[in-house]
Amino acid sequence: MTDLLVRDLAYVNGQWSAAASGATFEVRSPSSGELVGIVPDLSVDDTRVAIAAAAAAWPAWRNRTAKERAVVLQAWHALILQHREALATLMSRESGKVIAESRGEVLYGASFVEWFAEEGKRAYGEVVPPPARDRRIVVIRQGIGVVAAITPWNFPLAMITRKVAPALAAGCPVVIKPPAETPLTALALAVLAEQAGLPAGVLNVVPTTQSHDIGYELSTNPLVRKLSFTGSTAVGKQLMAQCASTLKKLSLELGGNAPFIVFDDADIDAAVHGAVQAKYRHNGQTCVCVNRLLVQDSVYDEFVSRFSTAVAALRSGDPLDPTVQVGPLVNAKGLEKVQRFVRDAVANGARVTQGGECRGGLFFAPTVLADATPAMRLAREEVFGPVAPVFRFRDEAEAIRLANDTDYGLAAYFYSRDIGRCWRVAEALECGMVGINEGLISTEVAPFGGVKASGMGREGSRHGLDAYLELKYLCFGGIDP
Ligand code: SIN
């Protein structure tokens, strides 16, 4: 581990600093309980200092050309790649993500920095045909101002870069509130951003255990113009209500309840492979993880048997062991929820075909539950853990009805070899993203986000820059016709 990247101070206004109160908190490994680091526990007052620093840094940063900002982002991108192994190790230690996935997340996270370094240079405006001969109409796109980014523990690096890179590219300074579980990766990113030449105040990292109070400050402080949040729907709704007082622009990437449909014409091997990827990525702790498998009657038994065999082969254990595929749950609350949902499903008639038990500490066996029904909590609520309930359906119409029978609408997946069905089903699913014969769909080039209770706005892709830009219409009058 490169100690250079492990910081025990917050990063505010270009300074590495303690909390004004001197308070600190510990970061412990979910896998072993070992101490990974100690960081300052910033207060609301400390957060106000960070917001004020960002506001002060805004004019100089926005006045740089897009290309000048891109040069800094490109340097940051190169440094993230250069420190890939150290970042991945730190991330695995503080989040419990298995090292192979952490290495993948460093690449995924870096890809947003590279992408938006380029996209920032293409924040084109418009010239609009005027309604009068003596006028000319031009539309320009300008950075919105200070951005607050509240990020989750399940992607300690990529959910920061997916928000911060487009903000910086658009000329906006940022205050990041990382989760209390994984502040060290956020601080390590700040070390590299500083080395890349980002000016003081443009990026600020506020580690804290006082999530509620700091979230309130970030969503009500008038200097903050935009809030971007990834996390639960319940917290997203609360932040949205708080943002109303200052009418902040919002991006919300919230919970999901992803269906994964296997039609009888599917390539079953491919479907099993895709389902394992889409369900057990980060031990089921991503918002696009499959929550419900829907399998057509005629292939149900075959699929359950082959899927259960594949799940049985998953190796769980120490996240730093490169052969391990499934790590621990992030905390006791997460484990307790998984256990509660499995008990509820079994009480309502589910058959455990694989796993189903706790394996000590925060480890829960990768689990498959056959004979799942809509009466189970798993049908409606996101389990956020390694449990795959398998539901049965008769025909395409029933599959679509079941898939859409949820408040959420983030990702959905289905497997079929019928091209007509592929189009019909993809168009009928009520969600922001669809994997068709594909279980891993996240990429910097495509818009990530959901509908219904899964949130609003899109991250990544060319649309991800818009979230940090405002349109301004310029009307030039008095032009001699
Ligand atoms: C998330 O779980 O919040 C993000 C998942 C992804 O980007 O693939």
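Residues numbered from 1 in each chain as written. Predicted model: local features only at pLDDT ≥ 70, side-chain atom pairs only at ≥ 80, totals over all residues. Heavy atoms only, no water.

Things to note about the pairing of strand S18 (residues 411-415)
- Burial analysis of S18 places 5 of its 5 residues in the buried class, the great majority of the element.
- Of the two faces of S18, the one carrying Ala411, Tyr413 and Tyr415 and the one carrying Ala412 and Phe414 are both buried.
- Where strand S12 (residues 258-262) lies against S18, 3 bridges are found, and the strand directions are parallel. Along S18, the bridge assignment pairs Val262 with Tyr415.
- Bridge count between S18 and strand S19 (residues 433-436): 4 bridges; the pairing is parallel. The partner of Ala411 across the bridge, within S19, is Met433. (Buried < 20%, exposed > 50% of the residue type's maximum accessible area, 1.4 Å probe, protein only. Helix = DSSP H or I, 4+ residues; strand = E, 2+ residues; numbered from the N terminus. Pairing = 2+ DSSP bridges.)

Things to note about the pattern of salt bridges
- Tallied over the full model, the rule gives 30 salt bridges.
- The salt bridge involving Arg421 is made with Asp265; its shortest N-O contact spans 2.8 Å. Placement of the pair is Arg421 in helix H14 (residues 419-428) and Asp265 in the loop between S12 and helix H9 (268-280), with a sequence separation of 156 residues.
- A salt bridge links Arg392 to Asp297; the shortest N-O distance between them is 3.2 Å. One end of the pair, Arg392, is in strand S16 (residues 387-393); the other, Asp297, is in helix H10 (residues 297-312), with 95 residues separating them in the sequence.
- Asp297 sits in the partly exposed class, given a relative accessible area of 37%. (Salt bridge = Lys/Arg side-chain N within 4 Å of Asp/Glu carboxyl O.)

Considering the packing of aromatic side chains
- This structure, assessed with the given rule, holds 9 aromatic pairs.
- Seen in terms of ring centroids, Trp153 and Phe384 are 5.9 Å apart; in terms of plane orientation they differ by 85 degrees. Their pairing is edge-to-face. Of this pair, Trp153 sits in the loop between strand S7 (146-150) and helix H5 (158-169) while Phe384 sits in the loop between helix H12 (377-380) and S16, and the two are 231 residues apart along the sequence.
- Centre to centre, the rings of Phe263 and Phe393 are 5.5 Å apart; their planes meet at 75 degrees, and the pair counts as edge-to-face. A residue pair is termed long-range when its members are at least 10 positions apart, and Phe263 in the loop between S12 and H9 and Phe393 in strand S16 qualify at 130 residues. (Phe/Tyr/Trp six-rings, centres within 6.5 Å; stacked < 30°, edge-to-face > 60°.)

Let's talk about the sheet that holds S18
- Spatial ordering of the open sheet is given by S14-S15-S16-S13-S12-S18-S19, a layout of 7 strands whose pairing is mixed. Edge positions in the sheet fall to strand S14 (351-354) and S19, since each has one partner strand and no second. This sheet shows a mean twist of 25 degrees between the axes of neighbouring strands, independent of strand direction.
- Of the strands in this sheet, S12, strand S13 (290-296) and S16 are in contact with helix H13 (residues 396-404), which crosses S13 at around 165 degrees. (Axes fitted to C-alpha atoms, helices over the stretch in contact; angles between N-to-C directions. Contact = heavy atoms within 4.5 Å.)

Some points on the side chain of Lys279
- Here Lys279 is to be found in helix H9.
- Here Lys279 is buried and forms no salt bridge, its nearest opposite-charge partner Glu382 lying at an N-O distance of 8.5 Å.
- Polar side-chain contacts of Lys279 include one of 2.9 Å to the backbone oxygen of Val387.
- Apart from residues lying up to four places away in sequence, Lys279 is in contact with Gly284, Cys289, Val290, Asn291, Val383, Gly385, Pro386, Val387 and Ala388. (Lys, Arg positive; Asp, Glu negative; His and termini not counted. Polar contact = N/O pair within 3.5 Å; in protein donor to acceptor, adjacent residues only side chain to side chain.)

Remarks on unusual backbone geometry
- Even without a glycine there, the phi angle at Asn283 is positive, about 60 degrees.
- If you trace the backbone, Asn283 turns up in the loop between H9 and S13.
- Not every positive phi belongs to a glycine, and Asp371 is a case in point at roughly 60 degrees.
- Along the chain, the position of Asp371 falls in the loop between strand S15 (367-370) and H12.
- Taking the relative accessible area as the measure of exposure, Asp371 reaches 28% and is therefore partly exposed.

Brief notes about the domain arrangement of the protein chain
- Looking at the protein chain, the domain boundaries give domain 1 (2-254 + 454-473) and domain 2 (258-443).
- The interface of domain 1 with domain 2 comprises 22 residues on the first partner and 28 residues on the second.
- Interface of domain 1 and domain 2: buried area, both sides summed, is about 2000 Å²; carbon and sulfur atoms make up 62% of it.
- It is Val98, Trp153 and Ser454 in domain 1 that bury the most area against domain 2; as a group they hold 25% of the surface buried on that side.
- There are 0 salt bridges connecting domain 1 and domain 2. (Domains from an automatic or database assignment. Buried area = accessible area lost by both parts, 1.4 Å probe.)

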